[in-house]
Amino acid sequence: MKQEILRILTEDAHISAARIAERLDTTEKKVEKVIKQLEKDNVIIGYKAIIDESILPENAVKAIIEVKVRPEREGGFDKLAKRLSKFPEVSSLYLMSGGYDLQVVVKGENLQDVASFVSSKLSTMDGVISTATHFLLKKYKESGKILHEEEVNERLKITP
Amino acid sequence: MKGSKSPRKRVAEHISSLPKSGIRDFFELVNTMEDVISLGIGEPDFITPWRIRENAVYSLEKGYTSYTSNLGLLSLRKEICKYLKSDFGLSYAPEKECIVTVGVSEALDLAIRAIINPGEEVIYNEPCYVSYPCEIKMAHGIPVPVKTREEHQFAIFPNDLRKAITPKTKLLMLNFPCNPTGAVLDDKTAAEIAEIAVENDLLVITDEIYSELSYEKHAPSIASYPGMKERTLFLHGFSKAFAMTGFRIGYACGPADLIDAMMKIHQYSMLCAPITAQKAAEEALKHGKKDMAKMREEYRERRNVIVKKLNEAGLKCLMPKGAFYVFPNITSTGLTSMEFATRLLREQKVAVVPGTAFGPSGEGYVRAAYAASMENIIEATEKISLFVKSLKQA
Ligand SMILES: Cc1ncc(COP(=O)(O)O)c(C=O)c1O
């Protein structure tokens with residue numbers, strides 16, 4: 001049942017345990033228990049709404065920054081990455097295979113905000129060899145949701 | 001005009017005698033009304049998975065716009081046979097035991113026409129898909145419905161089948177999971193039906209168009225029972241499981257002589273199924289199974305919800321094991337199926353199909369399809385509940 005509950009919650013974190021129980025043909029109590037356990041086990045880390053982030057001023061500008069790093073003898077990339085992740089401007093941070101090492105997603109109120117974070121904080125950090133900043137221009141899909149309107153086709157109202 | 005001769009009838013007898021049932025009027029009524037929440041649609045509410053649509057577009061771009069072999073693209077037939085082997089445990093040779101058709105609809109038509117001589121009897125489980133009796137009549141056969149009952153979970157009851165057999169019976173048509181009841185066969189029943197078919201030397205058409213949409217343990221295909229493969233045509237298609245109704249692709253697998261006979265009719269009447277749709281179908285079998293499984297899980301959840309809500313509304317409703325239909329019993333309301341459906345439509349703007357659309361055995365029931373969004377299912381069942389309450393107060 002865990003898998004099913006997780007699937008339903010990833011589609012709609014807002015849904016009540018009672019509604020989930022109806023869908024899975026079980027009781028509300030059982031669903032609540034499983035969810036509690038998933039929360040305790042840190043499988044469910046949090047609940048959060050997917051919103052049109054451009055509505056929030058502090059998220060108006062988003063950039064993806066490719067960072068090349070000189071790994072340290074002890075700890076590799078971790079130390080620098082952990083340090084970077086503490087900045088509130090950084091919304092996600094990944095260690096990547098391929099042409100660069102860290103991918104940093106940065107959000108800010110405007111271009112200046114992001115640029116100054118990169119020039120004053122990020123590129124001056126010990127171990128950072130180079131950065132390449134890509135500003136995001138338009139979103140087509142976010143967290144599995146397609147953001148443009150798809151045409152709805154008329155179907156027959158009733159068919160055998 | 002000269003003489004007293006009555007004017008010649010323009011329409012062939014066996015066509016003009018086909019029932020033009022009252023259901024047409026009901027359908028017309030639904031289609032003229034605005035803001036109806038419909039649980040009356042016998043097709044998936046999902047759009048065909050993108051990867052399948054994309055492959056159809058790609059095939060057009062590559063210039064696949066020709067006829068195919070009459071039997072269908074060999075590459076598609078190979079995929080079909082591979083799939084039937086892995087998922088149904090049935091082995092057929094793609095070269096001569098498989099034909100690709102324009103939907104299961106065409107496969108049904110070909111199969112019946114290939115088998116039936118005028119006056120021979122065809123038995124089938126009823127309530128059933130609306131086409132069955134008409135297809136049989138168009139082939140000059142005699143339809144012999146066997147009523148399936150709620151107390152048997154709408155599975156065909158072997159003794160009822162035995163009683164329907166006469167020396168003229170040639171063919172048995174089965175549809176499990178069933179439209180409109182959602183019934184499936186259990187192993188014991190399937191085995192007994194297979195025995196009866198062998199004993200009486202019947203040919204069998206098994207329409208398993210809903211087979212992927214089954215939510216609990218059920219019997220394997222009737223074609224896999226002893227003595228059955230050589231007398232069974234296995235019909236299947238892409239409309240329901242892959243949400244591909246508009247592509248119009250189905251197929252039949254069975255003994256080479258029967259497939260060859262079907263091929264003759266198909267060759268002269270249809271030539272072949274459209275190549276774009278065949279290409280899409282091939283993609284569905286190669287890479288579409290995950291999408292299909294996802295849709296099935298969604299249907300399962302909707303089924304759980306609709307059954308609970310209908311029972312809470314005071315309509316006795318079995319938990320169907322397959323397809324995407326529920327068939328609640330409405331006799332407690334004192335209305336006929338048609339009255340119930342018409343009044344529900346007029347008073348609450350919810351569309352369900354009267355059980356009698358699926359043959360006289362459907363009286364006392366309506367069919368509600370849960371191939372509708374969860375929100376619509378919840379809203380519609382709330383309205384049905386209001387409607388049933390209003391009847392009790394009246
Ligand atoms: C039992 C049954 N058989 C056949 C069909 C026709 O399917 P197709 O789209 O493959 O022609 C349907 C469609 O509703 C059906 O319910």
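Residues numbered from 1 in each chain as written. Chains lettered and ligands numbered in written order. Predicted model: local features only at pLDDT ≥ 70, side-chain atom pairs only at ≥ 80, totals over all residues. Heavy atoms only, no water.

## Considering the overall build of chain A
Then, in step 1: When its secondary structure is counted, chain A shows five helices and six strands.
Then, in step 2: Each helix (α) and strand (β) of chain A, taken in turn from the N terminus, gives the series α-α-α-β-α-β-β-α-β-β-β.
Then, in step 3: On C-alpha atoms alone, chain A measures out to a radius of gyration of 21 Å, which is more than a quarter above the 15 Å that the 2.2 N^0.38 rule sets for 160 residues.
Then, in step 4: Considered along the principal axes of its C-alpha atoms, chain A spans approximately 65 × 40 × 30 Å.
Then, in step 5: Relative to its full complement of 160 residues, chain A shows a buried share of 28%. (Helix = DSSP H or I, 4+ residues; strand = E, 2+ residues; numbered from the N terminus. Rg over C-alpha atoms; globule rule 2.2 N^0.38 Å. Buried < 20%, exposed > 50% of the residue type's maximum accessible area, 1.4 Å probe, protein only.)

## Describing the domain arrangement of chain A
Where interface size is quoted, it is often the accessible area lost as the parts come together.
Then, in step 1: Segmentation of chain A into domains returns domain 1 (2-40) and domain 2 (53-138).
Then, in step 2: Placing the centre of domain 1 of chain A and that of domain 2 of chain A at their C-alpha centroids yields a distance of 36 Å. (Domains from an automatic or database assignment.)

## As for the sheet that holds strand β3 (residues 102-108) of chain A
Residue and element names in this part refer to chain A.
Then, in step 1: Ordered in space as β2-β3-β1-β4, the four strands form an open sheet in which the pairing is antiparallel. On the outer flanks of this sheet lie β2 (90-95) and β4 (128-135), each paired with one strand and no other. Looking at each pair of strands side by side, their axes are set apart by 20° on average, direction ignored.
Then, in step 2: Direction of pairing for strand β1 (residues 61-69) relative to β3: antiparallel, over a ladder of seven bridges. Counted as the bridge partner of Lys-62 is Lys-107 from β3. (Pairing = 2+ DSSP bridges. Axes fitted to C-alpha atoms, helices over the stretch in contact; angles between N-to-C directions.)

## Some thoughts on the sheet that holds strand β7 (residues 232-237) of chain B
All names here are of chain B.
Then, in step 1: Taken in spatial order, the seven strands of this open sheet run β2-β8-β7-β6-β5-β3-β4, and their pairing is mixed. Every interior strand has two partners, whereas the edge strands, β2 (98-101) and β4 (142-147), have only one. Ignoring which end each strand starts from, the neighbouring axes of this sheet average 20° apart.
Then, in step 2: Across six bridges, strand β3 (residues 121-126) lies against β4 in parallel orientation. In the strand pairing of β4, Asn-125 is matched with Val-146.

## A word on the packing of aromatic side chains
Residues and elements named next belong to chain B.
Then, in step 1: Tallied over the full model, the rule gives 17 aromatic pairs over all chains.
Then, in step 2: Ring centres of Phe-154 and Phe-327 lie 5.5 Å apart, and the angle between their planes is 80°; on these two criteria the pair is classed as edge-to-face. On the criterion of sequence distance, the pair formed by Phe-154 in the loop between β4 and α7 (158-164) and Phe-327 in the loop between β9 (325-326) and α12 (337-348) is long-range, its members being 173 residues apart. Comparing Phe-154 with Phe-327, the two get one shared label, buried.
Then, in step 3: Aromatic pair Phe-327 and Tyr-365: ring centres 5.1 Å apart, planes at 5°, arrangement stacked. Here Tyr-365 lies in the loop between β11 (353-354) and β12 (366-369) and Phe-327 lies in the loop between β9 and α12, a separation of 38 residues in the sequence. Like Tyr-365, Phe-327 is buried.
Then, in step 4: What links up through ring pairs into an aromatic cluster is the set Phe-46, Tyr-210, Tyr-299, Phe-324 and Tyr-325.
Then, in step 5: When the ring centre of Tyr-64 is taken as origin, the NZ or CZ atom of Lys-279, which lies over that ring, is 3.9 Å away. (Phe/Tyr/Trp six-rings, centres within 6.5 Å; stacked < 30°, edge-to-face > 60°. Lys NZ or Arg CZ within 6 Å of the ring centre and 35° of its normal.)

## Topic: the pattern of salt bridges
Then, in step 1: Tallying each qualifying case throughout the model produces 26 salt bridges over all chains.
Then, in step 2: In this structure, the salt-bridge partner of Lys-309 of chain B is Glu-22 of chain A, at a minimum N-O distance of 3.1 Å. Of this pair, Lys-309 of chain B sits in helix α11 (residues 289-312) while Glu-22 of chain A sits in helix α2 (residues 17-24), placing the two residues on different chains. There is no split in this pair, since Lys-309 of chain B and Glu-22 of chain A are both buried. (Salt bridge = Lys/Arg side-chain N within 4 Å of Asp/Glu carboxyl O.)

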